[in-house]
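In case you want the letters, here they are:
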Amino acid sequence: MHTRGTYCMARRALLTDRERELIEGGDTVDEDLRYQAISRVRRKIEDELTTDVDVLQENHPDLYAELRKVVCEPKSTSPSSEGETTSDSMQ
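How each quantity is defined
Residues numbered from 1 in each chain as written. Predicted model: local features only at pLDDT ≥ 70, side-chain atom pairs only at ≥ 80, totals over all residues. Heavy atoms only, no water. Helix = DSSP H or I, 4+ residues; strand = E, 2+ residues; numbered from the N terminus. Buried < 20%, exposed > 50% of the residue type's maximum accessible area, 1.4 Å probe, protein only. Contact = heavy atoms within 4.5 Å. Areas by Shrake-Rupley, 256 points an atom, 1.4 Å probe, with all protein chains shown as cover. Salt bridge = Lys/Arg side-chain N within 4 Å of Asp/Glu carboxyl O. Patch = residues over 30% accessible without salt bridge, like charges linked within 9 Å, V, L, I, M, F, W, Y side chains within 5 Å. Lys, Arg positive; Asp, Glu negative; His and termini not counted. Charge placed at Lys NZ, Arg CZ, Asp CG, Glu CD. Polar contact = N/O pair within 3.5 Å; in protein donor to acceptor, adjacent residues only side chain to side chain. Axes fitted to C-alpha atoms, helices over the stretch in contact; angles between N-to-C directions. Parallel < 35°, antiparallel > 145°, perpendicular 65-115°, else oblique. Left-handed = near helix turned anticlockwise from the far one by under 90°. Nonpolar A, V, L, I, M, F, W, Y, C, P; charged D, E, K, R; others polar.

Colleague: When you look at the overall build of the protein in this model, what are you seeing that I'm missing?
Modeller: Secondary structure assignment for the protein yields three helices and four strands. Starting at the N terminus and walking to the C terminus, you meet the elements of the protein as β-β-α-α-α-β-β. A burial count over the protein gives 10% of its 91 residues as buried. Here the analysis covers contacts within the protein between residues at least 6 apart in sequence; of these, 13% occur between residues at least 24 apart. For the protein, the exposed area adds up to about 7800 Å²; of that, 50% sits on carbon and sulfur atoms.

Here's what the structure looks like:
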């Protein structure tokens, strides 16, 4: 489970701990391994996640709504240097 910067081996949603490390990058990350991790995650999104979303949408609309809220709605806004608000949401 990922709790604001803390990793735990007990659970995961989409990324493994290692995929998180590789995608976050840094000076010590091998670019080939990073590329492979990105490809694996992309495949999970395109193949597995879309199927899971369909199952939730058809069979458990409440869970689908919870997932949609987490993925699609902005989690927070913060002032930019020019006083405007920005958001890091997926829409």
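Colleague: Would you take a moment to explain helix α1 (residues 17-24) for this structure?
Modeller: Within the sequence span of α1, burial applies to Asp 17, Glu 19, Arg 20 and Leu 22. Where α1 terminates, the next one or two residues include Gly 25, which has phi positive at roughly 75 degrees.

Colleague: Sorry if this is basic, but what is going on with the pattern of salt bridges here?
Modeller: Side-chain pairing between opposite charges can occur once the charged atoms of the two side chains come close. Summed over the entire model, instances satisfying the criterion amount to four salt bridges. Ionic pairing is found between Asp 17 and Arg 20, a salt bridge with its closest N-O pair at 3.2 Å. Of this pair, Asp 17 and Arg 20 both sit in helix α1, three residues apart, roughly one helical turn. Each member of the pair, Asp 17 as well as Arg 20, is classed as buried. Across the pair Arg 40 and Glu 19 runs a salt bridge whose closest N-O atoms are separated by 3.2 Å.

Colleague: Would you take a moment to explain a negative patch on the surface for this structure?
Modeller: Residues Glu 46, Asp 47, Glu 48, Asp 52, Asp 54 and Glu 58 make up a contiguous surface patch of negative charge. For Asp 54, the location among the structural elements is in helix α2 (residues 31-59).

Colleague: I keep staring at the side chain of Asp 17 and nothing clicks. Help me out?
Modeller: Overall, Asp 17 belongs to the buried group, its relative accessible area being 16%. Within polar-contact distance, the side chain of Asp 17 engages the side chain of Arg 20 at 3.2 Å.

Colleague: Is there a simple way to explain the packing of α1 against α2 in this structure?
Modeller: Helix-helix packing: each pair is described by the crossing angle between the helix axes and the interaxial distance. Two elements in contact, α1 and α2, have axes separated by 9 Å at closest approach and are oriented at 120 degrees. As summarised for this structure, α1 and α2 are arranged oblique, according to the angle between their axes. Between α1 and α2 lies a crossing whose hand is left-handed. Where α1 approaches α2, its residues Arg 18, Glu 19, Leu 22 and Ile 23 are matched on the opposing element by Leu 33, Arg 34, Ala 37, Ile 38, Arg 40, Val 41 and Lys 44. Counted by class, the contact of α1 with α2 contains six nonpolar, no polar and five charged residues.

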